[in-house]
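Inside the fold
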Amino acid sequence: MKLYVWGVAPNPRRVKIYLAEKGLSVPIEDAGIPDQAALKPEFLEGGPHRRVPLLVLDDGTQIGEAMAICRYFETLNPEPSLMGTDALERATIEMWERTADNDGMNAVAEFFRNSRKAFIGRGLSGMPGTVEQIPGLVERGKQRLGWWYEKMDRRLADHEFIAGKKYSVADITALCVFDFAKRVGAEAPAGLANLARWHATVSARPSAKA
Ligand SMILES: N[C@@H](CCC(=O)N[C@@H](CS)C(=O)NCC(=O)O)C(=O)O
């Protein structure tokens, strides 16, 4: 089994944090070309997914998408639960994880990929051929991310963690969005006190170093 990642990229980090929380150890390989903003051709040509994270099982089966990989490990290792144990908990965690992915991760990706010279002609991750950048998505991505920050802050006003009383994959995806957005210049506005409190709490967990 091998997990393909890429430097400090935020989507592989979701899986790395998840594995650290579970106490699971998986061989890891960096699929990036050193000192370039691109994945190695042999990785891209190795299957249809063309993105990281990618989990490759011993029989060659490939599992892409961060949450699909987490689901695979969660099914094999249910404890400690990070994806919920009953109907309501599972639905709530999925709701907030998908919100973080859609309105957080995709928003920061819109901002980032459409604004950087390194991604000219590669406006969408993984997609082969030329994908032009769309300048209008830079500002709109930031707006969408701003909406997500506010939504998070309101939710966290009366919930310790995003999905409720327990740390979950919703917190993992949100943390990866928050830290990546800060790194690329789309950080959360000052004054969202609940969001700041939550960020300090989840960042203090040893898994956040992943
Ligand atoms: N929805 C996917 C997103 C994966 C993704 O976009 N990964 C980025 C790195 S964060 C990537 O593979 N980029 C490849 C590229 O830029 O060509 C997931 O959850 O895994």
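Residues numbered from 1 in each chain as written. Predicted model: local features only at pLDDT ≥ 70, side-chain atom pairs only at ≥ 80, totals over all residues. Heavy atoms only, no water.

1. Points about helix α5 (residues 136-155)
Since one α-helical turn is 3.6 residues long, residues separated by three or four positions face the same way. Where we set the bar: A run of DSSP states H or I qualifies as a helix once it reaches four residues; a run of E qualifies as a strand once it reaches two. Both are numbered from the N-terminal end. Expected helix span is computed as 1.5 Å times (number of residues minus one). Each residue gets one of three labels from its accessible area relative to the maximum for its type: buried under 20%, exposed over 50%, partly exposed in between, using a 1.4 Å probe on protein chains only. Contacts are assigned to residue pairs with any non-hydrogen atoms lying within 4.5 Å of each other.
The end-to-end C-alpha distance of α5, which contains 20 residues, comes to 29 Å, matching closely the 28 Å that a straight helix rising 1.5 Å per residue would cover. Turning to α5, its buried residues are Leu137, Val138, Gly141, Leu145, Trp148, Tyr149, Lys151, Met152, Asp153 and Arg155. Residues of α5 that are buried sit in contact with α4 (87-113), α6 (169-183) and α7 (193-203).

2. As for the site of the ligand
The test is simple: Here, proximity means that at least one heavy atom of the residue falls within 4 Å of the molecule or strand. Definition of a polar contact: a pair of N or O atoms within 3.5 Å, with one able to donate and the other able to accept a hydrogen when the atoms are protein atoms, and with sequence-neighbouring residues admitted only if both atoms are side-chain atoms. Here, Shrake-Rupley sampling with a 1.4 Å probe gives the accessible areas, and only protein chains in the shown set may cover a residue. Under this grouping Gly is polar, as are all residues other than the nonpolar Ala, Val, Leu, Ile, Met, Phe, Trp, Tyr, Cys and Pro and the charged Asp, Glu, Lys and Arg.
The ligand sits among 16 residues. The nearest are Val52, Glu65, Ala66, Arg113 and Ser125. In this structure, an oxygen atom belonging to the ligand sits 3.1 Å away from a side-chain N or O atom of Arg14. Here the ligand, which alone exposes 520 Å², has 88% of that area covered by the protein. Looking at the shell around the ligand, its residues break down into eight nonpolar, three polar and five charged.

3. Overview of the nonpolar core
Inclusion rule: We call a set of buried residues a nonpolar core when its members are Ala, Val, Leu, Ile, Met, Phe, Trp, Tyr or Cys and they connect through side-chain atoms within 4.5 Å of each other.
Within the largest apolar cluster, 53 residues are counted, with the highest numbers of intra-cluster contacts made by Leu145 and Trp198. Among the secondary structure elements, those contributing two or more residues to this core are β1 (2-5), α1 (10-22), α3 (66-76), α4, α5, α6 and α7. In terms of residues, this core owes the most to one element, α6, which gives 10 residues. The contact partners of Trp198, leaving out residues within four places of it in the chain, are Met152, Leu156, Glu160, Phe161, Ile162, Asp171, Ala174, Leu175 and Phe178. Of all hydrophobic cores here, the second largest spans eight residues; its members include Tyr4, Leu44, Val52 and Val56.

4. Thoughts on the side chain of Ser168
Mapped onto the fold, Ser168 is located in the loop between α5 and α6. Judged by its relative accessible area of 1%, Ser168 is buried. Not counting chain neighbours up to four residues away, the residues in contact with Ser168 comprise Leu82, Ile93 and Ala163.

5. Observations regarding the state of the cysteines
This is how the line gets drawn: Disulfide: a pair of cysteine sulfur atoms within 2.5 Å of each other.
Throughout the structure, instances matching the rule amount to zero disulfides. As a non-bridged cysteine, Cys70 has Cys176 as the owner of its nearest cysteine sulfur, 9.5 Å distant. On the basis of relative accessibility, which here comes to 1%, the residue Cys176 falls in the buried class.

6. Description of the sheet that holds strand β2 (residues 28-30)
This is how it is decided: Following DSSP output, two strands are said to pair if at least two bridges run between them. Geometry is summarised by axes, namely lines fitted to C-alpha atoms with helices restricted to the contacting stretch, and by angles between N-to-C directions that run from 0 to 180 degrees.
Read from one edge to the other, the open sheet built from four strands follows the order β2-β1-β3-β4, with strand pairing classed as mixed. Looking at which strands have only one partner, the edges of the open sheet turn out to be β2 and β4 (62-64). Within this sheet the neighbouring strands show an average axis-to-axis angle of 25°, counted without direction. Two strands pair when backbone bridges link them, and β1 and β2 are joined in this way by three bridges, in the parallel orientation. Its bridge partner being in β2, Leu3 is matched across the sheet by Ile28. Across the sheet, α3 touches β1, β3 (54-56) and β4, and the angle it forms with β4 is around 120°.

7. Some thoughts on the side chain of Asp171
The topology assignment puts Asp171 in helix α6. Among the polar contacts listed, one links the side chain of Asp171 to the backbone nitrogen of Ile162, at a separation of 3.1 Å. Apart from residues no more than four positions distant in its own chain, Asp171 is found in contact with Phe161, Ile162, Lys166, Trp198 and Val202.

8. Quick word on unusual backbone geometry
Residues Val52 and Pro53 are joined by a peptide bond in cis, for which omega reads 5°. Relative to the helices and strands, Pro53 resides in the loop between α2 (41-44) and β3. Here the bond from Glu79 into Pro80 is cis, since omega is -10°, no more than 30 degrees from zero. Along the chain, Pro80 turns up in the loop between α3 and α4.

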